[in-house]
Amino acid sequence: MIEGPYFVLTVLGVLGTGLVAGVFCGFSTFVMRGLAALPPAQGVAAMNAINVTAVRPAFMLVFAGSAVVCAVIAVVTFVLWPDEGTVELLVGSALYLFGVFGLTIAANVPRNEALGRLDPGTPEAAAYWPTYVREWTMWNHVRTVASAAAAVAYVLALT
């Protein structure tokens, strides 16, 4: 069984990845559907406001902090190579670092930036909005599953 500071790190990994999974699940299951039901100008304006608010400390501490914790867990696992939980710890770290953090940078942020450059009331924004919702939500589903799976992998490492 994992013990000491390594145990605390792993519990922080479970907590962080689980919290992020919950946020992303909320977006995938009802937030994006609610925004998509609005007229395009209102949906674009609301999503742009959400994207500005998301990069404030409350969420970024959990989102980026979880990436740091996952990276530390991966490094410590490679250095210590524990008798138990090694695979689960490495899988959990990879799922979050690549399937959540990396995917956010590669897929969701560029879409957010493109949307943010559009004036909500323009024909360009109205034309882009359905594509944005479809593509952003698809990648968010992947982030949701990856983050939840990372949390499960860390829990399995603790058992």
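Quantities reported herein were computed from a predicted structural model and do not represent experimental measurements. (Residues numbered from 1 in each chain as written. Predicted model: local features only at pLDDT ≥ 70, side-chain atom pairs only at ≥ 80, totals over all residues. Heavy atoms only, no water.)

Participant: Quick question: what am I supposed to make of the overall build of the protein here?
Facilitator: The number of helices and strands found in the protein is 5 helices and 0 strands. Scanning the protein from its N terminus toward the C terminus, one meets helices and strands in the order α-α-α-α-α. The principal-axis extent of the C-alpha atoms belonging to the protein is close to 60 × 25 × 20 Å. Split into buried and exposed, the 159 residues of the protein put 40% on the buried side. Considering only intrachain contacts with a sequence separation of at least 6, the fraction spanning at least 24 residues in the protein is 80%. In the form shown here, the protein has an accessible surface area of approximately 8100 Å², with 76% of it arising from carbon and sulfur atoms. (Helix = DSSP H or I, 4+ residues; strand = E, 2+ residues; numbered from the N terminus. Buried < 20%, exposed > 50% of the residue type's maximum accessible area, 1.4 Å probe, protein only. Contact = heavy atoms within 4.5 Å. Areas by Shrake-Rupley, 256 points an atom, 1.4 Å probe, with all protein chains shown as cover.)

Participant: Help me understand the packing of helix H1 (residues 4-36) against helix H3 (residues 57-80) in this model?
Facilitator: Each pair of packed helices gets described by two things: the angle between the helix axes and the distance between those axes. Contact geometry of H1 with H3 gives a least axis separation of 9 Å together with a crossing angle of 140°. When the interaxial angle is binned, H1 and H3 end up oblique. Like other packed secondary-structure pairs, H1 and H3 cross with a definite hand, here left-handed. Residue-level inspection shows Tyr6, Leu9, Thr10, Leu12, Gly13, Gly16, Thr17, Leu19, Val20, Val23 and Phe24 of H1 in contact with H3, the latter providing Phe59, Val62, Phe63, Ser66, Val69, Cys70, Val72, Ile73, Val76 and Thr77. Classifying every residue of the contact of H1 with H3 by side-chain character gives 15 nonpolar, 6 polar and no charged. (Axes fitted to C-alpha atoms, helices over the stretch in contact; angles between N-to-C directions. Parallel < 35°, antiparallel > 145°, perpendicular 65-115°, else oblique. Left-handed = near helix turned anticlockwise from the far one by under 90°. Nonpolar A, V, L, I, M, F, W, Y, C, P; charged D, E, K, R; others polar.)

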